[in-house]
Amino acid sequence: MASDIIRLAVDGIHKGFPGVKALEDVSFEVRPGEVHGLLGENGAGKSTMLNVLSAVLKPDAGEIRIDGATIRPSSPKEARAAGIAMIHQELQHIPGLSVAQNIFLGRPLKTAGGLLVNRRAQERRARELLAELDPDIDPGRPIHELKVAQQQIVEIARALLDDAKIIAMDEPTSSLTPSEFDSLAALISKLSGQGVSIIYVSHKMDEVFQVCQRATILRDGRFVATVDLAETSEDEVIASMVGREISAERHVSHAGTDVVLRAEGVGDGRMIRGANFDLHKGEVLGVAGLVGAGRTELMRLIAGIDRMTEGRVEVNGVERRFRTPREAISAGIGLVPEERKKDGIVRDRSVASNIALPCMKRFSRAGLIRRAHLRREATSLMKQMNLRPPNVDRPIGQFSGGNQQKVIIGRWLAADVDILLFDEPTRGIDIGAKSEIYDLIERLAATGKSIIVVSSELPEILRLSDRVVVMREGEIAGILSGDEIDEGRIAALAIPQSKSRSSKQTAEPVSQP
Amino acid sequence: MNTTSDTKQTGGRRSFLPAAINLRDAGTLLGLALIFIVFAVLNPVFLTIPNLLNILQQSSINACIALGMTFVIISGGIDLSVGPAAAISAVAGAALMTAGVPLPVALLGAVGTGMLCGLFNGCLIAFAGLQPFIVTLGGLSLYRALALIFTDGNPIFGIPPEFRSFINGDVLGVPVPVLIVGLIAVILWVVLNRSPFGEYILAVGGNQEAARIAGVPVARTKITVYVMSGGLAAIAALILMGRLGAADPTMGNLWELDAIAAAAIGGASLMGGKGSVIGTLLGAVILGALRNGLTLMNVQAFYQLLATGIIIIVAMLIDRATRGRA
């Protein structure tokens, strides 16, 4: 199976975005029939690497070779034609169409005349393909009626139809049950037996060790190592994933003793279960965890955006039940959302209007907005926050991500909320604006605001937090404070371990700030 | 990956213009001026004071409906039920008037009926989460049916003469309907541009989820615009009733389309988040002037329809070209 022939060679790939180097000189090789893990923390560059492989992104430098020949695909379609197929985390199919129609999407089998789609031939060919993979899948059924695991198999069938030499799978098990994972693993080994190479991206160490022979580890966009998993321990892999130097200085704590926000057994009946934590006045509470661990979902429950189905929330000692964000805001809680474009800004409205939304009353008299007053207040607020350009009449959509973020934060300062929830506050923001936002968060804590920061970037968590809540698979896996806060402990709590799939341990170390 | 960057989009187009000047309204005004010039050249009667007042008078009913429509469209919705809502309001008002109820009460009854229609639409949209197009399409049949059932399909005559002479009167030569709609427009301009509710409508239409997270009362905002639309439909119905002297349950057929056309010509975006009171007024006058001018020139009604269609499409093409990507 694994031989010394190279099927796929990735050689010196560089890819940068404005202000960020997503990939720097990444090289690795995949052999025919090899299952090759691609590992790294959130933001290490895995998805960028996959996007380069499938030609969604064009690398700035470096080359990709298949069987020794350099390929330069300029579109995902060309990448597929060259032999690289991609199975996305979010499966990409058209819900109303049948399994066979989805498999042949974009390249239908025609009838003799070439005008009509030959559905019968498509179904026959689909049945042949699926017979090897999962004979239970009926090619005539609408795809949305299948289970997610089966939909995934359909995507694999689609890849095989293209004669894919390399199939890249991005977090393929994120919505599979353990037994579905077992069948996927069996299927993967079957494919590899037929000489198809698999690139397997996952956070779950036990899976990686079960299905992959070798793995390439990325960190901060750089190649760390390609390891033979038979000769490497899980701890060694995790260590090389997270092992960066702790760079930033820790901030000065302004945390008091008053509990301003208390969550007890908070859950949403779907993803979040039994979340308990306290937030103190002036504290910065970090929330770490892998993507999909439920951090955003927990913040949305606290901010009244999604409905809490279990547990209780106390604000300043009073139990509150929020049915709308508006009610949470009036209790003094504001959220700076992760997806600024979708959840944060009203693009065509001015900076001033975006700031005033939660607190129109403050800027109105006798039912009318005092425009001059609003402009003055917004201007002075944005001057403090160094908005560039400092024009509050301009539509917010014309500002950069970092400046939009300042406006959203300014909105909550204008509304004078006491509790600020930041969800990935520096996502998509260039480095200069990043440190401004860090400084701002620290200044807010110093003035007695209480703050929660959700972040996938550990240095950010380490730099900002007084205490750190670590989430894993919808639960709070532990709360770290003081000297307990380090990358190793956070990673150990965040990454689902092989043995302890029954992660019911309610780790809650003593946590006085 | 966390590397999406917005920095590239900052080099804003037309950022050199002060936001206060509404370019779009200026464009609509220019279009109106062009139409005026063309007709003035073709027909000397067109540009006389009586004819201009006539145009305003003829445009007032559509303008009234279109103003309500504009608010609904800005909020990201659509109200297809305005015509039947107008009919049912007219019928209710006329029934009250002929039953001897004091005139002001009957008028309130009519406007209240229209607002109730809007409340029904709004609640289904805001609370049941149904799509505005479908809800108001249902309303379109429902309110028309109720109006027909209530009247057995017959117009109600016997509208009090004092109401008729009020609607048909004028102040210093300006017809009362024009004054009524003008007053409404002033109020609505203030509401849209100077009140928190106006900001809420623009925010809900621009980005509903962001507005909700920012604390905007989304449900209340949506319901209110439909109630307004229903109420304005009722006022339009009262104007027509006063002019015709009867309340016809078939009144208001296709009013929704003229109203949408006026709002769209005036710059309202069916995607929501954009629209202007002045623009919609100009849009209604453009449509009115077009019909008036073509009628003066004895152009067949078929061609008037053709011209209306062309104007709408040309307006949208210009809109698209000047605004860049929608």
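Fair warning: this is a prediction, and the values are worked out from it, not measured in the lab.

Draft legend 1. Local environment of the overall build of chain A. Of regular secondary structure, chain A possesses 17 helices and 22 strands. Computed over C-alpha atoms, the radius of gyration of chain A comes to 25 Å, within 12% of the 24 Å expected from 2.2 N^0.38 for 513 residues, which places it in the range of a compact globule. Principal axes of the C-alpha set define a box for chain A whose edges measure 75 × 55 × 45 Å. Looking at chain A residue by residue over its 513 residues, the buried ones come to 50%. For chain A, the share of sequence-separated contacts (at least 6 apart) that also reach a separation of at least 24 residues comes to 69%.

Draft legend 2. Fine view of the overall build of chain B. When helices and strands are tallied, chain B shows 13 helices and two strands. Summarising its shape, the C-alpha atoms of chain B cover approximately 70 × 55 × 35 Å along the three principal directions. A separation of at least 24 residues holds for 77% of the contacts in chain B among residues at least 6 apart in sequence.

Draft legend 3. Spatial organisation of the interface of chain A and chain B. The interface of chain A with chain B comprises 44 residues on the first partner and 31 residues on the second. Counting only elements with at least two residues in the side of chain A that touches chain B, the list comes to β2 (20–30), α1 (46–53), α10 (325–330), α11 (340–344), α12 (351–356), β18 (368–369) and α14 (401–414) of chain A. Taken together, the residues of the side of chain A that touches chain B break down into 18 nonpolar, 15 polar and eleven charged.

Draft legend 4. Main features of unusual backbone geometry. All names here are of chain A. A cis amide bond, omega -10°, links Arg 388 with the succeeding residue Pro 389. Mapping Pro 389 onto the fold places it in the loop between α13 (371–384) and α14. Although it is not a glycine, Asn 386 sits at a positive phi angle of roughly 60°.

Draft legend 5. Region of the structure containing helix α5 (residues 148–161) of chain A. All names here are of chain A. Counted at 1.5 Å a residue, the expected span for α5 with its 14 residues is 20 Å, and the 20 Å between its end C-alpha atoms agrees. Residues Gln 150, Gln 151, Gln 152, Ile 153, Val 154, Glu 155, Ile 156, Ala 157, Arg 158 and Ala 159 constitute the buried set of α5. Structurally, α5 contributes buried residues whose contacts are with β6 (84–87), α3 (99–103), α4 (119–133) and β7 (166–170). Just past α5, the residue Asp 163 takes up positive phi, approximately 60°.

Draft legend 6. Inspection of the packing of α4(A) against α5(A) at higher detail. Residue and element names in this part refer to chain A. Where α4 contacts α5, the axes come no closer than 10 Å and their chain directions differ by 120°. Relative to α5, the crossing made by α4 is right-handed. Each of Ala 126, Leu 129, Leu 130 and Leu 133 in α4 lies in contact with α5, whose residues at this interface are Ile 153, Ile 156, Ala 157, Leu 160 and Leu 161. The residue makeup of the contact of α4 with α5, split by class, is nine nonpolar, no polar and no charged.

Draft legend 7. A look at the sheet that holds strand β13 (residues 284–289) of chain A. Residues and elements named next belong to chain A. The sheet built from six strands is open, its strands ordered β16-β19-β20-β13-β21-β22 with mixed pairing. Of all strands in the sheet, those with a lone pairing partner are β16 (333–336) and β22 (475–481), marking the two edges. If you compare each strand with its neighbour and ignore which way they point, the axes differ by 20° on average. Alignment of β16 against strand β19 (residues 419–423), held across four bridges, turns out to be parallel. From the neighbouring strand, Ile 333 faces β19, where its bridge partner is Ile 419. Where helix α17 (residues 487–494) meets the sheet, it contacts β13, β21 (467–472) and β22, and its direction lies at approximately 30° from that of β21.

Draft legend 8. Representation of the domain arrangement of chain A in the model. As far as domains go, chain A holds domain 1 (8–242), domain 2 (254–332 + 417–513) and domain 3 (346–415). On a C-alpha basis, the centres of domain 1 of chain A and domain 3 of chain A stand 44 Å from each other.

Draft legend 9. Structural detail: the packing of helix α2 (residues 49–74) of chain B against helix α7 (residues 176–194) of chain B. All names here are of chain B. At a closest axis distance of 9 Å, the pairing of α2 and α7 adopts a crossing angle of 35°. Here α2 and α7 pass one another in a crossing that is left-handed. Of α7, the residues touching α2 (which contributes Leu 56, Gln 57, Ser 60, Ala 63, Cys 64 and Leu 67) are Pro 177, Val 178, Val 181, Ile 184, Ala 185 and Leu 188. Here the residues of the contact of α2 with α7 are counted per class, giving ten nonpolar, two polar and no charged.

Draft legend 10. Geometry of the confidence of the model for chain A. Scored by pLDDT, chain A comes out at a mean of 88, with 93% of its residues at no less than 70. Note on residues 244–248 of chain A: pLDDT is under 50 here. Beyond four places in sequence and across chains, it has eight contacts.

Draft legend 11. Inspection of helix α10 (residues 218–244) of chain B at higher detail. Residues and elements named next belong to chain B. Taking 1.5 Å of rise per residue, 27 residues should cover 39 Å, and α10 covers 39 Å from first to last C-alpha, within 8% of that figure. Of all 27 residues making up α10, 23 are buried, and the element is well covered by its neighbours. Phi turns positive one or two residues past the end of α10, at Gly 245, with a value near 80°.

Draft legend 12. Region of the structure containing the sheet that holds strand β12 (residues 275–280) of chain A. Residues and elements named next belong to chain A. Read from one edge to the other, the open sheet built from four strands follows the order β12-β11-β14-β15, with strand pairing classed as antiparallel. Looking along the sheet, the strands with just one partner apiece sit at the ends: β12 and β15 (318–320). Averaged over all neighbouring strand pairs, the angle between strand axes comes to 20°, with direction disregarded. Taken together, the three bridges between strand β14 (residues 310–315) and β15 define a ladder with antiparallel strand orientation. By the bridge assignment, Glu 314 is partnered in β15 with Glu 319.

Draft legend 13. Focus on the pairing of β22(A). Residue and element names in this part refer to chain A. Most of β22 sits inside the fold, with six of its seven residues counted as buried. Where β21 and β22 come together, six bridges link them in antiparallel fashion. Looking at the pairing, Arg 472 lines up with Glu 475 of β22. In textbook terms, the turn of a hairpin is the stretch between consecutive antiparallel strands, and for β21 and β22 this stretch comprises two residues, one of which, Glu 473, has a positive phi near 50°.

Cut-offs and rules
Residues numbered from 1 in each chain as written. Chains lettered and ligands numbered in written order. Predicted model: local features only at pLDDT ≥ 70, side-chain atom pairs only at ≥ 80, totals over all residues. Helix = DSSP H or I, 4+ residues; strand = E, 2+ residues; numbered from the N terminus. Rg over C-alpha atoms; globule rule 2.2 N^0.38 Å. Buried ≥ 20, exposed ≤ 12 C-beta atoms within 10 Å, placed from the backbone. Contact = placed C-beta atoms within 7 Å. Nonpolar A, V, L, I, M, F, W, Y, C, P; charged D, E, K, R; others polar. Expected span 1.5 Å × (residues − 1). Axes fitted to C-alpha atoms, helices over the stretch in contact; angles between N-to-C directions. Left-handed = near helix turned anticlockwise from the far one by under 90°. Pairing = 2+ DSSP bridges. Domains from an automatic or database assignment. pLDDT = per-residue confidence, 0-100.

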